[in-house]
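Topology and contacts: notes
Each chain is listed here by its residues.
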Amino acid sequence: MRTFIHSNCNSIGGCTKTEEDEGPGTEEDSQSYHGVGICKWFNVRMGFGFLSMTNREGATLEDPVDVFVHQSKLHMEGFRSLKEGEAVEFTFKKSSKGLESVEVTGPEGAACVGSERRPKGKTIHKRRSKGDRCYNCGGLDHHAKECKLPPQPKKCHFCQSIAHMVANCPVKAQQSSPGSQGKPSPQKGEEEEQNPSPPPYESAE
């Protein structure tokens, strides 16, 4: 009589029962068996867990037996996992490590339900800062590599003028200077008209 214990039995959750091999034979067994039970536990990050088999080949077991399960053996679409306590049907075989599932489905061959949990750090959200804009056309809804317009003349990113770059932008310089309060600087001629020079100083003598 041989006792099979899976090498992962002492990992998360652990194994409570072992499966005894009846009669002579090697530890590797290519024959598949049918079992019914529930998911004992499943690690969604590592992609494996254990099933708790309560029925084998139509016969109810007095004590549940643990069967190793890997996510690649699950019959379902999308992200493959199992929810703790989920009812399953499966085929399994004996190996040198213990009992391993070959194919796992829901009751009567339906797709597995799976866990709502997902591994942390797997989802990547693409974010754009509020200041991002296309350097080619100035649009805010895309980047230059996605721009559908032909190459545009270089322009100031602050006032969109093609006469200068942002480093030499007079509008930006005027708004950033103290006391300007965001007003554009007047033209030279206008400044002379608004602020005429005072008359020369006359002596009271």
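Residues numbered from 1 in each chain as written. Predicted model: local features only at pLDDT ≥ 70, side-chain atom pairs only at ≥ 80, totals over all residues. Heavy atoms only, no water.

Where an unreviewed UniProt entry is consulted, the protein chain appears under the name Protein lin-28 homolog A, with the organism given as Clupea harengus. Comment text from UniProt for the protein chain, heading Sequence similarities (unreviewed entry), reads "Belongs to the lin-28 family." (UniProt positions renumbered as here; feature names shortened; annotations may be inferred.)

1. Some points on the environment of C39
Of note, C39 is situated in strand β3 (residues 33-43). For C39, a relative accessible area of 1% translates into the label buried. For the pair C39 and S52, spaced 13 residues apart in sequence, the C-alpha to C-alpha distance is 6.0 Å. Once you skip the residues sitting within four places of it in the chain, C39 turns out to touch F50, L51, L82, K83, E84, G85, E86 and V88. (Helix = DSSP H or I, 4+ residues; strand = E, 2+ residues; numbered from the N terminus. Buried < 20%, exposed > 50% of the residue type's maximum accessible area, 1.4 Å probe, protein only. Contact = heavy atoms within 4.5 Å.)

2. Points about the nonpolar core
Counting residues in each nonpolar core, the largest one holds 18 residues, and the members touching the most others are L51, L82, F90 and V104. Secondary structure elements with two or more residues in this core: β3, β4 (48-56), β5 (59-70), β6 (87-95) and β7 (98-105). Not counting the four nearest positions on each side in its chain, F90 is found in contact with Y33, H34, G35, V36, G37, L51, M53, V67, E103 and V104. (Core = buried A, V, L, I, M, F, W, Y, C linked by side-chain atoms within 4.5 Å.)

3. Brief notes about the packing of aromatic side chains
One pass over the structure, following the stated rule, counts six aromatic pairs. Summarising the aromatic geometry, the rings of W41 and F48 are spaced 6.0 Å apart at their centres and angled 70° between planes, so their arrangement reads as edge-to-face. Both rings, one in F90 and one in F92, keep their centres 5.9 Å apart while their planes meet at 55°; by these two values the pair is tilted. The class for F90 is buried, based on a relative accessible area of 2%. The class for F92 is buried, based on a relative accessible area of 0%. Joined through ring pairs, the aromatic side chains of W41, F48, F50 and F68 make up one cluster. If you follow R56 out to its NZ or CZ, it ends over the ring of Y33, 4.8 Å from the centre. (Phe/Tyr/Trp six-rings, centres within 6.5 Å; stacked < 30°, edge-to-face > 60°. Lys NZ or Arg CZ within 6 Å of the ring centre and 35° of its normal.)

4. Some remarks on the pairing of β6
The pairing of β3 with β6 spans six bridges and is antiparallel. Bridged to V36 within β6 is E89. Bridge analysis of β6 against β7 gives seven bridges, and the strand direction is antiparallel. Following the sheet pairing, E89 is matched in β7 by T105. Where β6 folds back onto β7 in an antiparallel hairpin, the turn is made up of two residues. (Pairing = 2+ DSSP bridges.)

5. Brief notes about the pairing of β5
In terms of strand pairing, β4 meets β5 through eight bridges, oriented antiparallel. Its bridge partner lying in β5, G49 is registered against V69. Here β4 hands over to β5 after two residues, with E57 in that stretch at a positive phi of 50°.

6. Remarks on the side chain of T105
Checked against the element boundaries, T105 lands in strand β7. A residue is classified by how much of its surface remains accessible, and T105, at 12% relative accessible area, is buried. Those residues in contact with T105 that lie beyond four places of it in its chain are H75, A87, V88, E89, A110 and C112.

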